[in-house]
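Chain by chain, the residues:
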Amino acid sequence: MVSPKKWVPLESNPDVLNEFIGKLGLDGKYVFNDVFGLDAEMLGMVPQPVLAVIMCYPVTAQSDAPAKKGGAQQQQQQQQQGSGGWVEDEEQAAKGAAAAPGVFYMKQTIGNACGTIAVLHAIGNNPDTLKPAEGSFLQQFLGATAGMSPEAVGKFLEDPPPGAPDIEEAHKAAAAEGDTAPPNAEDEVDLHFVALVERNGGCFLRPAV
């Protein structure tokens, strides 16, 4: 459940996201890029290797139903097969437990924070490749929340304890950037960010709610 606290949403723009992750503690070795199409020619333009995919899509009554149904079926298959497959983790996360060992997942408790949470999912699920700077927000946040339930990580982001890293000002600065005028925090937004990450031989869809 999302709390009454709401942020201005991020723009789906790689320049905005790259400046954002730089402020959070990543150097410029790995960056976000646009994917202009899914045919072979367009995918060939995407720099390699790809560590994660962030997708922003319009929310409709029908948009989430196929993913949830397909995710449940694939999750059952994965449990039967023992590895591989595609897993949508919303049902397990709702129970307050991580979907799979070694997979970073957090719940969204702040309105319009799905872009920031998708960024954290993309980074948090690549610990062997992405090394945040010592003392940075990412280094402190991921270290402090290791082993927490998805709900607890979400609440930690929303209301950091005294002395803990706080991402809100960095999010506000990123939300003010981009090619379009940002909406108000209280506006109804019909777009949602998700992250897709590969961990332990499986492809995981990381919804924020």
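Structure: see above.
Note that the coordinates shown come from a computational prediction; the quantities given were computed from them, not determined experimentally.

(A) Molecular detail of the pattern of salt bridges. In total, this model carries 5 salt bridges according to the counting rule given. Across the salt bridge formed by lysine 23 and glutamate 19, the nearest N and O atoms sit 3.6 Å from each other. Separated by 4 residues within a single helix, lysine 23 and glutamate 19 lie in helix H1 (residues 14-24), roughly one turn from each other. With its nearest N and O atoms 3.8 Å apart, the salt bridge here joins lysine 172 to glutamate 168.

(B) The arrangement of the packing of aromatic side chains in detail. If you walk through the whole model with that rule in mind, you get 2 aromatic pairs. For the ring pair phenylalanine 137 and phenylalanine 141, a centre distance of 5.2 Å and an interplane angle of 15° mean the geometry is stacked. Of this pair, phenylalanine 137 and phenylalanine 141 both sit in helix H6 (residues 137-145), 4 residues apart, which is roughly one turn of that helix. For phenylalanine 141, a relative accessible area of 0% corresponds to the buried category.

(C) Focus on a nonpolar patch on the surface. A cluster of nonpolar side chains, namely Val35, Leu38 and Leu43, defines an oily patch on the protein surface of about 300 Å² accessible area. By relative accessible area, valine 35 is classed as partly exposed at 45%.

(D) Quick look at unusual backbone geometry. Each neighbour pair has its own omega, and for glutamine 48 with proline 49 the value is -5°, a cis peptide bond. Unusually for a residue other than glycine, asparagine 112 sits at a positive phi of about 65°. Structurally, asparagine 112 is set in the loop between helix H4 (90-94) and helix H5 (114-124). Judged by relative accessible area, asparagine 112 falls into the buried class, the value being 12%. Of note, the phi angle at asparagine 200 is positive, near 55°, even though the residue is not glycine. Mapped onto the elements, asparagine 200 comes out in the loop between strand E3 (191-199) and strand E4 (202-206).

(E) Geometry of the environment of aspartate 34. With respect to the secondary-structure elements, aspartate 34 resides in the loop between H1 and helix H2 (40-43). A relative accessible area of 39% means that aspartate 34 is categorised as partly exposed. As a C-alpha pair, aspartate 34 and serine 12 span 22 residues in sequence and 9.3 Å in three-dimensional space.

Reading the values: the criteria
Residues numbered from 1 in each chain as written. Predicted model: local features only at pLDDT ≥ 70, side-chain atom pairs only at ≥ 80, totals over all residues. Heavy atoms only, no water. Salt bridge = Lys/Arg side-chain N within 4 Å of Asp/Glu carboxyl O. Helix = DSSP H or I, 4+ residues; strand = E, 2+ residues; numbered from the N terminus. Phe/Tyr/Trp six-rings, centres within 6.5 Å; stacked < 30°, edge-to-face > 60°. Buried < 20%, exposed > 50% of the residue type's maximum accessible area, 1.4 Å probe, protein only. Patch = residues over 30% accessible without salt bridge, like charges linked within 9 Å, V, L, I, M, F, W, Y side chains within 5 Å. Areas by Shrake-Rupley, 256 points an atom, 1.4 Å probe, with all protein chains shown as cover.

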